[in-house]
Amino acid sequence: MKTIKSKILVLETLRCFVKKKKSNVIHFRPSSVERSTFNFFCGSHSLVYVDSYKYLGIWFSEHVTWNKAVKELSKSASRALSCLTVKFYAYGGMTYQVFTKLYESLVQPILLYGASIWGNTEHRLINNVQNRASKIFLGVTKLTSNTAVQGDLGWLSCHAKQRLEVLRFFYKLETRTHTRTFYKIHLWSKRKRRSWNFNVIKLFRNMSVEHLMQPGISKELFFKVVKSKLRILELLIPTCIMIVSAQETMSTCPKASPIVFELSMSLLIHFGVVSSVKSPDCASEVTLPLWFTKLWNDNSNVNGNKLRLYRRYKKDLQPEHYVTNAMPRHLRSNLCKLRCGTLPLSVETGRYTKPPIPLEERICPFCNDAVEDEIHFLINCDIYSDLRFNLFHRAMVMDNSFCTKSDFNQFVFLIQNAELQYELSILVHNMIRRRRALKSNLHS
């Protein structure tokens, strides 16, 4: 109280004025502790207690939670994204490099403002902004899987970017002069459980990069290792497929043979994705990469998720050729929908009927003898044979064994070949137009 009065006296001496209406009191405390009843005054003006207060652009709540701060940041970032979206449509689209640069320059700094403090926890509102930006660029609807969109763009998740900001700030604190007051506070906070410093040290251990906490580590080496480790944690490790059945959920890892399990876990441990595990019985304790886990999660749908085909050929978290190549928006959109399983085929539309049509009964309306999935649509359906002739001819020139491949391998060859992406996008666009016309004739 004396300190407040002395500061007010100094301000009056310097002829400075305090905006009393904007001056409030916030009592930081656990939710189990009641708010203080002590009365604070600024001169003769009684200060009011508030449950949250904005300081340097960040909202601090009385229970030291970051929900309001994250909510306000997501609103501001959404406004910035709207400005970017207007420019994106006004110029008829942008290349991947230009859109990524503008997003990282205009939207991401607002979205991750202060993430070094609140970034230890994943926040849905923050993820929603990046997911919306990804879908705007790819030209897909909100029903498109966020996991597939992230996989095709190759962007790190917001949570990984948040952790990078946290570790960057921790490194800054560690390398400051030891006589500084905030460094002494930093050392004191390390010993306090549930403190920010304690949680960051725990993050170092979970990422298996405790050696970076040793003194003398250069800034370049520190961030090179951290960035590579965060990307590895986002990646799909193909060896995990050996111990994960496509028909079973990722929540309980199926019991594999001891030899296969040991080989798979040794590779994961080598890459620092998981810690050591003794046996397959302990597999439920393994923390698999987040993106890989979502890709193989079939919990929410009896017939499996719409990425049942996508996850069979998508092996890493890198931008795809059709994304990085210059391509009109409508062509990129159709190709992305084909990859992500959101084209209006029977395999997709049957998912939303009430009750949902069983997977094996989502028959092609033109063939009436096969499920209309992406492979049937692109490779087998006779109604589009004339449209796909030129593309298949070029594929046979590039690979003499193309005709002898299985339907799935032909599909993967067309989807992943960098030289065929533009022609493939035109083919898919023409096939969708024909299908729409034929469907309207059937209904009429």
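### Some details on the overall build of the chain
Helix and strand counts for the chain come out as 20 helices and 6 strands. Looking at the chain residue by residue over its 444 residues, the buried ones come to 43%. A separation threshold of at least 6 residues defines the contact pool for the chain, and within that pool the share at least 24 residues apart is 63%. Counting only carbon and sulfur atoms, one obtains 56% of the accessible surface of the chain, whose full area is about 24700 Å².

### With respect to the packing of helix H7 (residues 158–174) against helix H8 (residues 181–190)
To describe two helices that pack against each other, one gives the angle between their axes and the distance between the axes. The interhelical angle for the contact between H7 and H8, taken along N-to-C directions, is 115°, at an axis separation of 9 Å. Seen from H7, the contacting residues are Phe170, Leu173 and Glu174; seen from H8, they are Phe182, Tyr183, His186 and Lys190.

### Some points on the pattern of salt bridges
As enumerated under the stated definition, the model contains 15 salt bridges in all. Ionic pairing is found between Arg168 and Glu165, a salt bridge with its closest N-O pair at 2.8 Å. Here Arg168 and its partner Glu165 are both found in helix H7, 3 residues apart, which amounts to about one turn of the helix. Judged by relative accessible area, Glu165 falls into the partly exposed class, the value being 26%.

### Some thoughts on the side chain of His186
Counting through the fold element by element, His186 comes out in helix H8. Side-chain polar atoms of His186 contact the side chain of Glu174, separated by 2.6 Å. A polar atom in the side chain of His186 sits 2.4 Å from the side chain of Asn197. Beyond its immediate chain neighbours, meaning those up to four positions away, His186 contacts Phe170, Leu173, Glu174 and Asn197.

### As for the packing of H8 against helix H9 (residues 196–206)
The geometry of H8 relative to H9 is characterised by a closest axis approach of 7 Å and an angle of 70° between their N-to-C directions. When the axes of H8 and H9 are compared, the pair comes out roughly perpendicular. For the element pair H8 and H9, the recorded crossing hand is right-handed. Of the residues in H9, those in contact with His186, Ser189 and Lys190 of H8 are Asn197, Phe198 and Ile201. Considered class by class, the residues forming the contact of H8 with H9 number 2 nonpolar, 3 polar and 1 charged.

### Quick word on the side chain of Lys135
If you trace the backbone, Lys135 turns up in helix H5 (residues 124–138). Here Lys135 sits buried without a salt bridge, and the closest side chain of opposite charge, Glu348, lies 11 Å off (N-O distance). Only 3.0 Å separates the side chain of Lys135 from the backbone oxygen of Thr144, close enough to count as a polar contact. Not counting residues within four places of it along the chain, the set of residues in contact with Lys135 comprises Val140, Thr141, Lys142, Thr144, Asn146 and Val149.

### With respect to a nonpolar patch on the surface
A cluster of nonpolar side chains, namely Tyr53, Tyr55, Leu56 and Tyr113, defines an oily patch on the protein surface of about 440 Å² accessible area. Mapped onto the elements of the fold, Tyr113 is located in the loop between helix H3 (96–111) and helix H4 (115–118).

### Details of the packing of aromatic side chains
Each aromatic ring pair is characterised by the separation of its centres together with the angle its planes make. Scanning the entire structure with this criterion turns up 18 aromatic pairs. Seen from their ring centres, Phe99 and Trp155 are 6.4 Å apart, and the 5° between their planes marks the pair as stacked. Of the two residues, Phe99 sits in helix H3 while Trp155 sits in the loop between helix H6 (146–153) and H7, which places them 56 residues apart along the sequence. Side by side, Phe99 and Trp155 carry an identical accessibility label, which is buried. Among the aromatic residues, those joined into a ring-pair cluster are Phe88, Tyr89, Tyr96, Phe99, Tyr103, Phe137 and Trp155. Here the basic side chain of Lys68 rests over the ring of Trp59, its NZ or CZ set 3.9 Å away from the ring centre. The ring of Phe408 carries Arg312 above its face, with NZ or CZ at 3.9 Å from the centroid.

### Some words on the pairing of strand S5 (residues 52–55)
Of the pairings in the sheet, the one linking S5 to strand S6 (residues 58–61) comprises 4 bridges and is antiparallel in character. Looking at the pairing, Ser52 lines up with Ser61 of S6. Hairpin geometry of S5 and S6 is characterised by an intervening segment of 2 residues between the two adjacent antiparallel strands and by a positive phi of about 55° at Leu56.

### Some remarks on the layout of surface pockets
Looking at the largest pocket, its volume works out to about 950 Å³. Lining the largest pocket are 30 residues, and of these Val64, Trp66, Arg194, Ser195 and Trp196 lie nearest its centre. Secondary structure elements with two or more residues in the lining of the largest pocket: S6, H4, H7, H8 and H9. Of the residues forming the lining of the largest pocket, the biggest block, 5 residues, is contributed by H8. Class assignment for the residues of the lining of the largest pocket results in 13 nonpolar, 14 polar and 3 charged.

Criteria and thresholds
- Residues numbered from 1 in each chain as written.
- Predicted model: local features only at pLDDT ≥ 70, side-chain atom pairs only at ≥ 80, totals over all residues.
- Heavy atoms only, no water.
- Helix = DSSP H or I, 4+ residues; strand = E, 2+ residues; numbered from the N terminus.
- Buried < 20%, exposed > 50% of the residue type's maximum accessible area, 1.4 Å probe, protein only.
- Contact = heavy atoms within 4.5 Å.
- Areas by Shrake-Rupley, 256 points an atom, 1.4 Å probe, with all protein chains shown as cover.
- Axes fitted to C-alpha atoms, helices over the stretch in contact; angles between N-to-C directions.
- Salt bridge = Lys/Arg side-chain N within 4 Å of Asp/Glu carboxyl O.
- Polar contact = N/O pair within 3.5 Å; in protein donor to acceptor, adjacent residues only side chain to side chain.
- Parallel < 35°, antiparallel > 145°, perpendicular 65-115°, else oblique.
- Left-handed = near helix turned anticlockwise from the far one by under 90°.
- Nonpolar A, V, L, I, M, F, W, Y, C, P; charged D, E, K, R; others polar.
- Lys, Arg positive; Asp, Glu negative; His and termini not counted.
- Patch = residues over 30% accessible without salt bridge, like charges linked within 9 Å, V, L, I, M, F, W, Y side chains within 5 Å.
- Phe/Tyr/Trp six-rings, centres within 6.5 Å; stacked < 30°, edge-to-face > 60°.
- Lys NZ or Arg CZ within 6 Å of the ring centre and 35° of its normal.
- Pairing = 2+ DSSP bridges.
- 1 Å grid on protein atoms, 1.4 Å probe; cavity = no way out; pocket = protein on both sides within 12 Å on 5 of 7 lines; lining within 4 Å.
- Points joined across faces, edges and corners; volume = space filled by probe spheres on them.

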